[in-house]
Each structure stands twice: as structure tokens, then as C-alpha cells.
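# Fold and contact review
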Amino acid sequence: MKIHFTKMQGLGNDFVVIDAVRQPVDLSPEQIRRIADRRYGVGCDQVLLATPARRSQADFRYLIFNPDGSQAEHCGNGVRCLARFLDDHGLVSAGRHELVIETVNGLSRVRLCDDGPVTVDMGAPVLEPPQIPFRAPARAREYELEVAGQVVRLGAVSMGNPHAVLRVDDVDSAPVETLGPAIEAHHRFPRRVNVGFLQVITPGHVRLRVYERAAGETLACGTGACAAVVSGRLRGWLDDAVDVDLPGGRLVIHWPGEGEHVWMTGPAETVFEGEIRLD
Ligand SMILES: N[C@H](CCC[C@H](N)C(=O)O)C(=O)O
């Protein structure tokens, strides 16, 4: 089987995007792993499938797959790239500058500027432990977790997908490669978790590295940036508008506070198009 794809990236978080509206495909976890493989396939952090919407309020539905073949509930950098892809490939009627993209557990409203940055309404964060999901006796702004022979303090937030947020003094020296996987697989996160390492420069400017669930450290994580601002604001460190500097570049995140939606603005770029042959 040959599949046409578009390679895209948002701050170096890279994607293989497939138009499953006009090219209906049903990919197995093994085929996802092959596509995502940086030696035997195209190579990417996530595979995104654009599919027809199921909910009447949505224009399209999108599926997100991590490189191990597992499915994720949301992808901030990915939804920006998907919206740009849909517009570039004539799937959006002329003149439309706002799209509603359906995820497995919510809706994202995307604003497209001509070739400029893309702004996304990422919805309201979920903070109740059972919905994150995170095993905790009650909701708190900060939790203690025994991991790797130490006790770490972290925030727990869902942006559709689960995030843990730890504050560090310096992201460059943060134990991302050791503590990241240890927390990702911690039993208190029954569906595993993305792990953010947050350095607060000022209440309006942070640095962030993210060890992503089922993908490892990426150059940028959109839902991770949203979760970091939510957790940092709840813990009293951040304003409502924050510049988030990730290794791949800057996202601008805005969260007015509890019960409000998180807004994210950042780039979405096409790299190349191609065709992959799959068994
Ligand atoms: N690894 C993530 C999915 C991709 C999220 C990230 N690339 C983003 O931009 O939000 C998860 O399993 O929840």
C-alpha cells in the first residue's frame, strides 16, 4: 500500500500528516511505528490523521499517534500543523479563517492567519485527579511523588492528555533523561504522563523542556506548554499571559484562570510531501 503524506513541524516537534478524508486509511500500530521510525520510515514525533468529523460542531476530527504506535488524546503543536495542512490542501472553504477540530475527548477552535502564526483555543484544563488521570486522594495545586529514590513536587493537569509539571532552577541541567522516564511510567499515572520541567524567569516568561509520553524529549510540546502555564499559575508563579521558551522556540500561552480556556499561539510549517510504501 502507498500512502501520500505531508511532513510538518511546529518548533521542531515534527509530524507526518495524512489526509484520511480523501485517502481513507486504517493504520495498525506496527504501520504507525514504521512511519515514525527515523531510519526505516519517514521519521516523526507523532503521526496525525485528518478524518471526517463525527460531531456536528466540528469541521474535522484528528487522530494522534505516538511513535510507539499508542494513541494520544491531543497534540498542541500538531493541531496547529493540522489546521495549516487542511487549509493548504483545499479542505477548508475559501475565506474561512477559523476551524473546529475534534479530538477524541474534546474540541479545539483554531484561528488561521495567512502563513503566520496559528492560534488555538485548547479548551479548559482538567484538574480533577480521576480525569487526568492521576492517583491522588484529592485535587491539589501541588502533589508529592516518591520516584527514583526521592520525593518530587509536581502539578498534575490534563489538556486532553495527561501532564506532570516540575519546577526546576535551570532547565539546561534538569534531570530530564532520568526523572522524565521514571515519572512517565509511574504507577500513579495509570495512562502514563508527559513530564514538563519548568524554569520561571519572570511571571511572564518561562523556559520549559518536556519528556513526552511514549516519545521521549521533544524540541517542543504544545499541550505541555499549556499545562506548565496552568500549573505555574495555580502555584502562584505566573501571570495570565506567558512566553514559553522551549528548546525548539517560543509559544505564547494565555490562561485567564480557573474555568477559562487556554489559548496557544505558535508556528506551523510544511517541510516536504512524499509517499511511503507500507506492507
Ligand atoms: N506525547 C503526547 C502527544 C503529543 C503532544 C505534543 N507533541 C504536543 O505538541 O502537545 C501524549 O502522549 O500525550
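Residues numbered from 1 in each chain as written. Predicted model: local features only at pLDDT ≥ 70, side-chain atom pairs only at ≥ 80, totals over all residues. Heavy atoms only, no water.

To continue, consider the domain arrangement of the chain. Under the domain assignment, the chain is made up of domain 1 (2–121 + 267–277) and domain 2 (129–260). In terms of surface lost to domain 2, no three residues of domain 1 exceed Leu 11, Glu 73 and His 74, which account for 42% of the buried area on that side. Summed over the shared surface of domain 1 and domain 2, the result is three salt bridges. Counting residues per element, the side of domain 1 that touches domain 2 draws most heavily on helix H2 (residues 76–88), at three residues. Each residue belonging to the side of domain 1 that touches domain 2 can be placed in one class, and the counts come to five nonpolar, ten polar and four charged. (Domains from an automatic or database assignment. Buried area = accessible area lost by both parts, 1.4 Å probe. Salt bridge = Lys/Arg side-chain N within 4 Å of Asp/Glu carboxyl O. Helix = DSSP H or I, 4+ residues; strand = E, 2+ residues; numbered from the N terminus. Nonpolar A, V, L, I, M, F, W, Y, C, P; charged D, E, K, R; others polar.)

Let us look at the packing of aromatic side chains. Tallied over the entire structure, the rule returns three aromatic pairs. Aromatic pair Phe 5 and Phe 272: ring centres 5.9 Å apart, planes at 80°, arrangement edge-to-face. Here Phe 5, found in strand S1 (residues 2–10), pairs with Phe 272, found in strand S18 (residues 269–277); they are 267 residues apart in sequence, far enough to count as distant. Phe 272 gets classed as partly exposed once you look at its relative accessible area, which sits at 36%. Ring centres 4.8 Å apart and planes at 75° place the aromatic pair Phe 134 and Tyr 143 in the edge-to-face group. Overall, Tyr 143 belongs to the buried group, its relative accessible area being 6%. Residue placement shows Arg 167 over the ring face of Trp 237; its charged tip is 4.6 Å from the ring centre. (Phe/Tyr/Trp six-rings, centres within 6.5 Å; stacked < 30°, edge-to-face > 60°. Buried < 20%, exposed > 50% of the residue type's maximum accessible area, 1.4 Å probe, protein only. Lys NZ or Arg CZ within 6 Å of the ring centre and 35° of its normal.)

Another aspect to go through is empty space enclosed by the protein. With the rule as written, the count across this model stands at one cavity of 30 Å³ or more. Class assignment of the residues belonging to the lining of the largest cavity gives a composition of four nonpolar, nine polar and two charged. (1 Å grid on protein atoms, 1.4 Å probe; cavity = no way out; pocket = protein on both sides within 12 Å on 5 of 7 lines; lining within 4 Å. Points joined across faces, edges and corners; volume = space filled by probe spheres on them.)

Bringing a negative patch on the surface into the picture now. The grouping of Asp 87, Asp 88, Asp 114, Asp 115 and Glu 273 at the surface amounts to a negative patch. Inspection of the secondary structure puts Asp 88 in helix H2. A relative accessible area of 44% places Asp 88 in the partly exposed class. (Patch = residues over 30% accessible without salt bridge, like charges linked within 9 Å, V, L, I, M, F, W, Y side chains within 5 Å. Areas by Shrake-Rupley, 256 points an atom, 1.4 Å probe, with all protein chains shown as cover. Lys, Arg positive; Asp, Glu negative; His and termini not counted. Charge placed at Lys NZ, Arg CZ, Asp CG, Glu CD.)

All right, on to the site of the ligand then. Around the ligand there are 15 residues in total, and Gly 76, Glu 212, Arg 213, Gly 222 and Thr 223 lie nearest to it. Within the side chain of Asn 13, an N or O atom sits 2.8 Å from a nitrogen atom of the ligand. Between the ligand and the protein, one listed contact pairs a nitrogen atom with a side-chain N or O atom of Gln 46 at 3.1 Å. Burial of the ligand by the surrounding chains reaches 100%, relative to a free accessible area of 360 Å². With respect to the pocket detection grid, the ligand is positioned in the largest cavity. Split by residue class, the shell around the ligand holds three nonpolar, ten polar and two charged. Taken domain by domain, the makeup of the shell around the ligand includes at least three residues from each of domain 1 (2–121 + 267–277) and domain 2 (129–260). (Near = heavy atom within 4 Å. Polar contact = N/O pair within 3.5 Å; in protein donor to acceptor, adjacent residues only side chain to side chain. Sits in = over half its atoms within 2 Å of the grid points.)

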